[in-house]
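# Understanding the architecture of this molecule
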Amino acid sequence: MTAAARAKKTALVAGRTVVALVAVTTLAFSGYFWTALRLVKQNTNTTQILEVLEDIPNSPPAEDGAIDILLVGSDSRTDAQGRPLPADVLRKLRTEGTDTVNTDTIIVMRVPRDGSKASAISIPRDTYVPIAGFREDKINSAYGAVKYLTAERLRAEGVRDQEERERKSDEAGRKALVQAVQDLTGMRVDHYAEINLYGFYLLTQVIGGVRVCLKAGTSDPNSGANFRAGEQVVSGGDALSFVRQRNMPGGDLGRIARQQVFMSQAMKQLLSAGTFTDPGKMNGLLDAVSKSVVVDEKLDLTTLAAQAQGLASGNVEFATIPVTSIDARNERGQSVVTVDREAVQAWVARLIGETPKAAPSTTTPTSPARFGPGKLLSLDGSPAVATAARQDVPCVD
């Protein structure tokens, strides 16, 4: 064999060896990842929300060509088992001064069954809607208000066990929130996933914080946000303040844009920080999940994992529902975001490539004019506000 032939054969063997090593490493990592995912599943709390959703009247059809997952970020003062958080934990979360439950983040993740690109549809927390069993109010109050009313009823009925009251009232609150989302968007919620502030706090610590970069310094005494200009890493209480800052340009819409960018970056770091191969980080992740994450019993966590990878790679399209005003006032003087529900449902139908007939609302608004035809602020939140908010964090990509 000539020297050239031997060199060619050696290169070929080396090439095959490299390919084999890459393949083995990939398979080994994948195996470890799915093993880790099973551990996460074992530590995840479940809710029977799908059972109580079956009796919601006038729900949109279940078979609509996609899996729709309602992702909720809650500022609950209890852990996922309904146990009150200690005072020192509440101080870390910077929520010790309040005792209400609000859903600061409301996103419908739509995963088409044909494998096409997923969408993450954000709903502003201050969107003014009818809430079944309560009144017309901000959508983020649906969970907390109905939870409180249910807990009071259970107490009056003689249910003394606090954890039982928490579990049952949580179910009622989740049901009210899901119903409000369905009535607003015309989408059928197939699955439910919730993470509380404590879990967000712990998760950002597990991944070593999230890298952000501000064009200018900013502060907000209400959320505790106080950040200098430039690149920095935020975690724990600072990360919570960063995504909950209230005095953003554009209010709710600006905050949503910042949260969307932050979420993508956090997922990217979670999947690239060796979380699933580092025993310490993995234990931290399992601890965060057990204390803060609740999903419905039938939700396949591999679906969520796949979408987390999509978020990290930018393969999920973010969108925000259209609104008519971001600084309206209700009869109680609260600042609210108003919408035209028919326009929202038509926009959602166009976004998902379908033209379903809007499902009739199960409640009657006290002020029909708020939801009547009118000029939209935009057909996707406010592009100018969203662009400004994303420029606010240019280092997050």
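Residues numbered from 1 in each chain as written. Predicted model: local features only at pLDDT ≥ 70, side-chain atom pairs only at ≥ 80, totals over all residues. Heavy atoms only, no water.

- In the annotation of an unreviewed UniProt entry, the protein chain is listed under the name Transcriptional attenuator, LytR family and assigned to Lentzea xinjiangensis.
- Under Sequence similarities (unreviewed entry), UniProt gives the following word-for-word description of the protein chain: "Belongs to the LytR/CpsA/Psr (LCP) family." (UniProt positions renumbered as here; feature names shortened; annotations may be inferred.)

### A few points about helix H6 (residues 197–206)
- Burial analysis of H6 places eight of its ten residues in the buried class, which makes it a mostly covered element.
- Buried within H6 are the following residues: Leu-197, Tyr-198, Gly-199, Tyr-201, Leu-202, Leu-203, Thr-204 and Val-206.
- On its buried side, H6 packs onto strand S2 (66–74), helix H3 (87–93), strand S7 (191–196), helix H7 (236–244), helix H8 (252–272) and helix H9 (279–292).
- For H6, the capping residue at the N-terminal end is Asn-196, with a side-chain oxygen 3.1 Å from the backbone nitrogen of Tyr-198.
- One or two steps after H6, the chain reaches Gly-208, where phi turns positive at roughly 80 degrees. (Buried < 20%, exposed > 50% of the residue type's maximum accessible area, 1.4 Å probe, protein only. Helix = DSSP H or I, 4+ residues; strand = E, 2+ residues; numbered from the N terminus. Contact = heavy atoms within 4.5 Å. Polar contact = N/O pair within 3.5 Å; in protein donor to acceptor, adjacent residues only side chain to side chain.)

### Section: the sheet that holds strand S4 (residues 118–122)
- Read from one edge of the open sheet, seven strands run S1-S12-S7-S2-S3-S4-S13, paired in mixed fashion. Each edge of the sheet is formed by a strand with only one pairing partner; in this case those strands are strand S1 (45–47) and strand S13 (316–320). Averaged over neighbouring strand pairs, the angle between their axes works out to 20 degrees when direction is ignored.
- Sheet analysis places S1 next to strand S12 (residues 293–296), joined by three bridges and oriented parallel. (Pairing = 2+ DSSP bridges. Axes fitted to C-alpha atoms, helices over the stretch in contact; angles between N-to-C directions.)

### A closer look at the pattern of salt bridges
- Tallied over the full model, the rule gives 15 salt bridges.
- Where Lys-147 meets Glu-166, a salt bridge forms, and the shortest distance between an N and an O atom there is 2.5 Å. In this pair, Lys-147 is assigned in helix H4 (residues 142–156) and Glu-166 in helix H5 (residues 162–185), connecting sequence segments 19 residues apart. There is no split in this pair, since Lys-147 and Glu-166 are both buried.
- Ionic contacts of the salt-bridge type, sharing partners, join the residues Arg-135, Asp-137, Glu-331 and Arg-332 into one network. (Salt bridge = Lys/Arg side-chain N within 4 Å of Asp/Glu carboxyl O.)

### Structural notes on the side chain of Asp-296
- With respect to the element layout, Asp-296 can be found in strand S12.
- For the buried residue Asp-296, which engages in no salt bridge, the nearest side chain bearing the opposite charge is Lys-298, 7.7 Å off.
- There is a polar contact of 2.7 Å between the side chain of Asp-296 and the backbone nitrogen of Tyr-192.
- Other than its neighbours up to four places away in sequence, Asp-296 contacts Thr-47, Ile-49, Leu-50, Asp-190, His-191 and Tyr-192. (Lys, Arg positive; Asp, Glu negative; His and termini not counted.)

### A short note on H8
- With 21 residues, H8 should cover 30 Å at 1.5 Å per step; its first-to-last C-alpha distance of 30 Å lies within 8% of that length.
- Across the 21 residues of H8, 17 count as buried, placing the element largely inside the fold.
- Phi for Gly-274, located one or two positions after H8, is positive at around 70 degrees. (Expected span 1.5 Å × (residues − 1).)

### A word on the environment of Val-234
- Tracing the chain through its elements places Val-234 in strand S11 (residues 230–234).
- Taking the C-alpha atoms as reference points, Val-234 and Val-212, 22 residues apart in sequence, are found 7.3 Å from one another.
- Non-local contacts of Val-234, meaning those with residues more than four positions away in its chain, are made with Gly-209, Val-210, Val-212, Phe-227, Ala-239 and Phe-262.

### Side note on the environment of Phe-242
- With respect to the helices and strands, the residue Phe-242 is situated in helix H7.
- Phe-242 gets classed as buried once you look at its relative accessible area, which sits at 1%.
- Linking Phe-242 and Gln-259, residues 17 residues apart in sequence, is a C-alpha distance of 8.7 Å.

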